[in-house]
Amino acid sequence: MNSKLKFYQSIRVKIALVFALMLMLTLECVGAVFVRQLEHQNLNTFKQTIELPSYVDNSLSEQLSRPNKKKANQQMRQILSEVNNNNISEIRVIDSKRIIRSTSTSDNRGIVGQKTTDGTIKATLVNNRTHSENIYDSSNHNRYYVNVIPLNDSNNNVVGAVYLRASLEGVYSNINSITLIYLSAALITIALSLFLAILISQEITRPIEEMRKQTLRIARGDFSGQVRVMGNDELGQLAGAVNNLSVRVEEAQESSDSERRRLDSVLSHMSDGALATDRRGNVTIVNNMALQLLGVDHEDDLIGKSIIDVLDIRHDYTVRQLINTDQEEMIIDMSNEGNDLILNAYFSPIQRESGFVSGLVCVLHDVTSQQKEERERKQFVSNVSHELRTPLTSVHSYVEALSDGAWQDKEIAPKSLTVIQNETDRMIRMINDLLSLSRMDSGTTKLNLEYVNIKELFNYILNRFDMIIKKNENDENSKKYTIERYFTSKDLWVEIDTDKFTQVIDNIMNNAIKYSPDGGVITTRLLETHNHVILSISDQGLGIPRKDLGRIFDRFFRVDKARSRKQGGTGLGLAISKEVVNMLGGQIWVDSVEGKGSTFYISLPYVPYEEEDDWDAQETKD
Ligand code: ADP
């Protein structure tokens, strides 16, 4: 907006102009009446001054009635010369036959005796009435007043007429000079009043100007100024109102600013993503968390885009559907290769009191882990049911066969009972495994920690396996294998739960035996780094396909289900091992080549003893 008003648009100039124009109009009207009146008055006065005394008229009519024209003409000339009136330019006497009988001007004597053709004289003689007119003499540019008066005899018959001619220049120059004085006075008055009007209107408009400037400042957001309140008139009250308004606007501005800051801080510190749109569904506000969840670097990449494109749901929903609250909540799967992301989007329309929907708010909550847990829980329940159903079905069918009479069969009955026993044993193992997993999940498992020389313990466990080999040496059905040890010479004292650790090693060793061919070598190693001890158990067995390596520690995962079951496996051994090692603060992992063999590693935190260091140092010196 142009802040400077144009000169003629200023109220100050308008007031002054109106004032001056009104004055001009008034003076014009007054002047017109005055000049007209003055002219009228002056002309009347002038006409009176040039009236001939009645005795002159009488004498002239007497002379005209005389038969001796020559004598009469002389007499009349005498009479006219006696008329001493400077205003009259010429007096002529005309008889009833329109013959000019005498004239007052000696220069004009030549016209005496001539017949006049003047229409006014003619009319006067005919009508017996005075006629007058103003004439303009173009030869000397003078205005004249002509008055023709009839002359009567005693019987009131027209005997002639007196023709009077008087110059009006004197009268008019008088009127002109008065008019000129009036005009100059009027002009001075107008100029003075214009000047005064400007001063006054400036005074009147000063508070208005101040208010204008103040409102402009308010509009710019500068609330520091105040309009001076001068008097208690309408303008004073308006100035007070503007000051009041300024305070109110400042308060409103402050409260809306602090509200916006609060909203900004709430939005930026929200652990959920938040987006707001206009009524067409185009994004207007987006917080940092939403940017993070949607994998966008800068908010400018989202602002102005439709929310259904931003959330990639254009195929399933329209903006109208979202705004009409048909859809309050939805799960959006935004997973891409190698990155799982499941969002719960909650929509809420921004509604004015009138019911008009001006936009939409969308809150995004990352439910990836919940969804994953939920999926895993469902999978787990289905796995457990499936795993228990298989042995139960087989037990059921054997029991059925036995009760159908097979119990009498000396061959089938003991075999069936062995299968039933194996299957129930496996179920009991599985349920025990599940119970210990569930205890670890719920955190109720207590660790019985103690400092143990892990080299000794590992040796002790492997010795047990050596014993089993020895015991089964002559049993043709049992598997043959040898255990090799490559251990560090140092004693390694590690804080562990002996029973649980033994369970882990047992499990890995049993697997190594289970999934290896007869006569295999199982290589065990123990070494330490500056803060870890690392155990490894390698076999020369089946190995694990590369694609399954990542799932080997999952509950119920088995590379070959049938084979594992046949060997009494539950599919929970490695899952339990992983939980236990994690509880001990360590890690477990596997390295395997299919068909060649597998190596399981366990690393446990280890803090070397000071004395041992000293001792080691001494030993190397020796
Ligand atoms: P299971 O009771 O089936 O042995 P585990 O949890 O102990 O269950 O092992 C899970 C699966 O990992 C096994 O079914 C097997 O397929 C595979 N596995 C474990 N150890 C080995 C190994 N040493 N060699 C080959 N495969 C193995």
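In the nomenclature of an unreviewed UniProt entry, the chain corresponds to histidine kinase from the organism Limosilactobacillus panis DSM 6035. The Subcellular location (unreviewed entry) field of the UniProt record for the chain holds the comment "Cell membrane". As recorded by UniProt, the Catalytic activity (unreviewed entry) comment attached to the chain reads in full: "ATP + protein L-histidine = ADP + protein N-phospho-L-histidine."

Looking only at helices and strands, the chain has 16 helices and 17 strands in total. Here the C-alpha radius of gyration of the chain, 67 Å, is well above what a compact globule of 622 residues would show, namely 25 Å. In terms of principal-axis extent, the alpha carbons of the chain reach across some 205 × 75 × 45 Å. Relative to its full complement of 622 residues, the chain shows a buried share of 36%. For the chain, restricting intrachain contacts to residue pairs at least 6 apart in sequence, the fraction spanning at least 24 positions comes to 58%.

Since there are 3.6 residues in each turn of an α-helix, residues three or four apart along the chain are aligned in direction. When the terminal C-alpha atoms of helix 10 (residues 368–403) are compared, their 52 Å separation across 36 residues agrees well with the 52 Å that a helix rising 1.5 Å per residue should span. Buried within helix 10 we find Thr368, Asn383, Val384, Glu387, Pro391, Ser394, Val395 and Leu402. Summarising the contacts, the buried residues of helix 10 are in contact with strand 9 (342–351), strand 10 (357–366), helix 11 (412–442) and helix 14 (561–566). Count one or two residues on from helix 10 and you reach Gly405, which has phi positive near 125 degrees.

Taken together, 21 residues lie near the ligand, and Asp539, Arg558, Ser564, Thr570 and Leu574 sit nearest. Between the ligand and Asn511, the relevant distance is 2.9 Å, taken from an oxygen atom to a side-chain nitrogen or oxygen of the residue. Note that an oxygen atom of the ligand is positioned 3.0 Å from one of the backbone N or O atoms of Gly571. About the coverage of the ligand: the protein hides 97% of its 530 Å² of free accessible area. At the level of elements, helix 13 (498–514), helix 15 (573–583) and strand 17 (597–605) are the ones that each hand at least two residues to the shell around the ligand. In terms of residues, the shell around the ligand owes the most to one element, helix 13, which gives four residues.

The subject of this paragraph is the sheet that holds strand 2 (residues 100–103). Spatial ordering of the open sheet is given by 2-1-5-4-3, a layout of five strands whose pairing is antiparallel. Sheet topology places strand 2 and strand 3 (131–137) at the edges, where each strand pairs with a single neighbour. Geometrically, the sheet is characterised by an average inter-axis angle of 20 degrees between neighbouring strands, direction not taken into account. In this structure, strand 1 (residues 88–95) lies alongside strand 5 (residues 158–167), joined through seven bridges in antiparallel fashion. Each residue of the ladder has a partner; that of Val93, found in strand 5, is Val162. Most of the contacts of helix 2 (residues 54–65) go to strand 5, to which it runs at about 135 degrees, and overall it touches strand 1, strand 2, strand 4 (142–152) and strand 5.

Attention now goes to the UniProt feature "domain: PAS" (unreviewed entry) in the chain. Per the UniProt annotation, the sites labelled "domain: PAS" (unreviewed entry) are residues 259–300. This span, residues 259–300, is 43% helix and 21% strand, and a straight line between its end C-alpha atoms measures 23 Å.

Contact pair helix 2 / helix 3 (residues 69–82): the axes reach a minimum separation of 9 Å and the direction vectors enclose 170 degrees. Looking at the two axes, helix 2 sits roughly antiparallel to helix 3. Counting all contacts with helix 2, which are made through Val56, Ser59, Leu60, Gln63 and Leu64, the residues of helix 3 involved are Ala72, Gln75, Met76, Ile79 and Leu80. Grouping the constituent residues of the contact of helix 2 with helix 3 by class yields seven nonpolar, three polar and no charged.

What counts and how
Residues numbered from 1 in each chain as written. Predicted model: local features only at pLDDT ≥ 70, side-chain atom pairs only at ≥ 80, totals over all residues. Heavy atoms only, no water. UniProt positions renumbered as here; feature names shortened; annotations may be inferred. Helix = DSSP H or I, 4+ residues; strand = E, 2+ residues; numbered from the N terminus. Rg over C-alpha atoms; globule rule 2.2 N^0.38 Å. Buried < 20%, exposed > 50% of the residue type's maximum accessible area, 1.4 Å probe, protein only. Contact = heavy atoms within 4.5 Å. Expected span 1.5 Å × (residues − 1). Near = heavy atom within 4 Å. Polar contact = N/O pair within 3.5 Å; in protein donor to acceptor, adjacent residues only side chain to side chain. Areas by Shrake-Rupley, 256 points an atom, 1.4 Å probe, with all protein chains shown as cover. Pairing = 2+ DSSP bridges. Axes fitted to C-alpha atoms, helices over the stretch in contact; angles between N-to-C directions. Parallel < 35°, antiparallel > 145°, perpendicular 65-115°, else oblique. Nonpolar A, V, L, I, M, F, W, Y, C, P; charged D, E, K, R; others polar.

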